[in-house]
Amino acid sequence: MSTTVPIGARDLLKQSAFLFFLSSRSLSRFASQIAAVAIGWQIYDLTGRAFDLGMVGLIQFLPTALLVFVAGNAADRFRRKRVVQLCQLAEALTALYLCWGAYAGQLGEIQLFAATFVLGTAGAFESPATAALLPLIAPEGTLQRASALSSGAAQLATIAGPAIGGFAYAVAPGLPYGVMMLFWLAGMALTGLMQVPDDVPAERLDGSKDDLFAGVRFIRANPAILGTISLDLFAVLLGGVSALLPIYARDVLDTGPFGLGVLRAAPAVGALAMTAVLARYTIRRRVGLRMFQAVIVFGAATVVFALSHVMWVSVLALAILGAADTISVVIRFSLVQLATPNEMRGRVGAVNFLFINASNQLGQFESGVTAALFGAMPAAVLGGLGTIAIALLWMKLFPTLRKVERLE
């Protein structure tokens, strides 16, 4: 346990390596959010089939599932900032191709699906390498605060990125791809400016450590990490309501497209507000219990949203849901990174990234199926109650995780 007095958020932002990291990650996240809007809209504009929109998400997820162990091993074998730079270069070149194709009128469904697969592949390698960089860059005793700031930047991109993408697409179909290219190239330059100590793991991979599946074995052997990652998987799998928001906007709350936009933005706004709190006031005691409490609040807010017929109550519930999720995310990320040796962070991070992506994608599928069987409101209520039940069950199954007192 560190005895270093942690520095404040303002001082942390004055650290050049962290500032470059935060800026680079933010630009990548903005570009990804713009891509989601532009590619989705263009696919639907070309085909008019909702099934093809679902295929975009599946094609982007497939590389994560197929390359999880290879990507994690790459983040532990090579210099992580070089891995991130190569991924950002591949993403920028893909965006350049999309920009050219859109202006030349050469983009078809196959080309868009192929580009989506390339972006998904680059993201599968970029995410574990980026996650493994943060503990090396954040000064000792500041990982929780650095994680909160990083999460806040991601939430800002989630709010503003789609708006930038939609506006740019309205000006010209090729413009969002040009913006994406510039963002990824700028991110690559900023990544190169980072001074990263111990970027090459101190302990070279050899023998059993040079193993694609070592991350899985490490997670299984550490109950706190296993409980943390699996809690995220099942809580988001059951408690996600984003797929049901169009139904609530039209049929329950009787609002319209604008109301749907407000509902979609509410969790990110709540998360951004909580990020500002956590960046200033870190959680210093009983962090394991606080994480479980945050998941329970997440589930309870889901139930309130599910039962609400009043717009402001629904928006408030979604904002609380986003704030509670941010507390859980910051604790989970910090706990996993601090409990994992530097030479293993890439492979452990890759498995964690797979679980997060799987929970988001499968959670939308689960919500849709449950809503089709029982209706949107019962589906959302069951999801919220299921999340609470998972948190209570995990507190019993993983007492080591519940009893974690401090992160740093």
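Since the model is a prediction, treat every value here as computed from it, not as a measurement. Numbering of residues starts from 1 in every chain and runs along the sequence as written. Thresholds applied to this predicted model are a pLDDT of at least 70 for local features of residues and 80 or more for the giving and counting of side-chain atom pairs; totals over whole chains, interfaces and linings are not thresholded and use all residues. Each side-chain value is worked out from all heavy atoms of the structure, with water and hydrogens disregarded.

(A) Expanded view of a nonpolar patch on the surface. The residues that make up patches have over 30% relative accessible area and no salt bridge, and they are joined within 9 Å when like-charged or within 5 Å when they are Val, Leu, Ile, Met, Phe, Trp or Tyr. Note that accessible areas follow from Shrake-Rupley with a 1.4 Å probe, and for residues the cover is restricted to the protein chains shown. Any carboxyl oxygen of Asp or Glu that lies within 4 Å of a side-chain nitrogen of Lys or Arg is treated as forming a salt bridge with it. Together, Leu86, Leu89, Leu93, Leu96 and Leu185 make up a nonpolar patch on the protein surface, roughly 430 Å² of accessible area in all. Counting through the fold element by element, Leu96 comes out in helix H4 (residues 80-104). Under the scheme used here, helices are H or I runs from DSSP no shorter than 4 residues and strands are E runs no shorter than 2 residues, and both carry numbers assigned from the N terminus.

(B) Representation of the UniProt feature "transmembrane region" (unreviewed entry) in the protein chain. The positions UniProt marks with the feature "transmembrane region" (unreviewed entry) are residues 27-44, 50-71, 224-249, 261-283, 295-324 and 371-394. As annotated, residues 27-44 has a helix share of 100% and a strand share of 0%, and its two end C-alpha atoms lie 26 Å apart. Between the C-alpha atoms that bound residues 371-394 the distance is 26 Å, and the span itself is 96% helix and 0% strand. UniProt positions are given in the numbering used here, feature names are shortened, and annotations may be inferred rather than shown by experiment.

(C) Looking closely at the environment of Ala323. Take Ala323: it is sitting in helix H13 (residues 311-339). Expressed as a C-alpha distance, the spacing of Ala323 and Pro267, which sit 56 residues apart in the sequence, is 7.2 Å. By definition, residues are in contact when any of their heavy atoms lie within 4.5 Å. Setting aside its immediate chain neighbours within four residues, Ala323 contacts Gly270, Ala271 and Met274.

(D) Region of the structure containing the environment of Val313. Considering the arrangement of structural elements, one finds Val313 in helix H13. If sequence neighbours within four positions are ignored, Val313 has contacts with Val304 and Ser308.

(E) Here's a closer look at unusual backbone geometry. Phi at Asp254 takes a positive value of approximately 55°, unusual for a residue other than glycine. Residue Arg286 is not a glycine yet carries a positive backbone phi of 50°. Residue classification places Arg286 among the partly exposed positions, given a relative accessible area of 38%. The cut-offs for exposure are 20% and 50% of the maximum accessible area for each residue type, with area from a 1.4 Å probe on protein chains only; residues under the lower value are buried, those over the upper are exposed, and the others partly exposed.

(F) Focus on the side chain of Gln42. Relative to the helices and strands, Gln42 resides in helix H2 (residues 16-47). Apart from residues lying up to four places away in sequence, Gln42 is in contact with Ala102, Leu107, Leu112, Tyr169, Pro173 and Tyr177.

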